[in-house]
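# Structural features, examined
In case you want the letters, here they are:
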Amino acid sequence: MTTITLLVLILFGSMLLAGGKQGFVSFLGLIFNFCLVFISVVLISYGFPYLIVTLINAVIILVISIYFGNQQGRNADIAFITSLIVVGIVILLIIPIEQWAQVQGFGPENTEDLEGLSLQLGVKFLDVSCAMTILSCLGAVAEASIAIATGLFEIEAHNPMITRAKLRSEGLLIGKEIIGTAFNTLFFGFYGELLALFIWFSRLNYSFGMIINDKIFISEFIMTLISSIGVILTIPVTIGIFLRHKKTTI
């Protein structure tokens, strides 16, 4: 038994213990999402338009992530609509930012690993970088939208006569809590993934200017910032959509 197989089995067992049937469904959704990401890589490598492939797979991933892990219909619908809107806005940021930053491809740290290999893949590295950034922000946006929508529904269920102004303020409070945890998750994920690179920078005495101009560091940092922007945008969009679909007009 390989290490990966063992970890997958532990994850499966943990999700079953924690969520029962819903945990099993969520595990299936995780497998489906992994397959979709793999399919995206294959299609883009064969020359299919990266934006079309990424958008189609992004919608499917959002459907699986939100509906497979959520048994309540209304909050899932609101979270899905919110995610589509926020991801659309974020894409409008990603494409020009990636064009301007020019951080696609490999950095000098990859030279030794790539020595002797051909980099003529027939695919624009800029397209790959845009697709990667779009897909990387999906999880954070979907998680934030589900958390806010579920919280608002719970508040409304316990107090059906709550006013819209009060509901909006409660939603903003939930959003503030989510921002703190989401930023920590994104930051430590970014730091943990690049820990070896940071050690490299330290041992080779990289200056601050060299670090902020390093392709690997900046590309990951841009993805983290864009995901954070997506989480922030999710809060007002979710609240706005929820209030628009609110049945009471108090």
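Higher on the page you've got the structure.
In what follows, the accompanying structure is described. (Residues numbered from 1 in each chain as written. Predicted model: local features only at pLDDT ≥ 70, side-chain atom pairs only at ≥ 80, totals over all residues. Heavy atoms only, no water.)

## Examining helix α1 (residues 3–19)
Residues lying three or four places apart along an α-helix face the same way, a consequence of the helix completing one turn every 3.6 residues. Put simply, the rule is: Numbering of helices and strands runs from the N terminus; a helix is a DSSP stretch of H or I covering at least four residues, while a strand is a stretch of E covering at least two. A helix's residues, less one, multiplied by 1.5 Å, set its expected span.
Taking 1.5 Å of rise per residue, the 17 residues of α1 would be expected to cover 24 Å, and the 24 Å separating its terminal C-alpha atoms lies within 8% of that figure. Two residues or fewer after α1 comes G20, characterised by a positive phi angle close to 60 degrees.

## As for the pattern of salt bridges
If charged atoms from side chains of opposite charge come close, those side chains can pair. Counted only if it meets this: Every case where a carboxyl oxygen of Asp or Glu lies within 4 Å of a side-chain nitrogen of Lys or Arg is listed as a salt bridge.
Applying the stated rule across the entire model yields one salt bridge. In this structure, E170 and K166 form a salt bridge, with 3.2 Å as the shortest nitrogen-oxygen distance. Here the residue E170 and the residue K166 both occupy positions in helix α8 (residues 164–193), the gap between them amounting to four residues, near one helical turn.

## Focus on the packing of aromatic side chains
For clarity, the cut-off: To pair, rings of Phe, Tyr and Trp, with the six-membered ring standing in for Trp, must have centres within 6.5 Å; the planes then decide the type, stacked if under 30 degrees apart, edge-to-face if over 60, and tilted in the middle. Burial here depends on accessible area, computed with a 1.4 Å probe over protein chains only, as a share of the maximum for the residue type. Under 20% is buried, over 50% is exposed, and the range in between is partly exposed.
Evaluated as defined, the whole model comprises four aromatic pairs. Ring geometry for F153 and F242: centres 4.9 Å apart, planes at 85 degrees, overall edge-to-face. One end of the pair, F153, is in helix α7 (residues 138–158); the other, F242, is in helix α11 (residues 215–244), and 89 residues separate them in sequence. Accessibility assignment for this pair places F153 and F242 in one class, buried.

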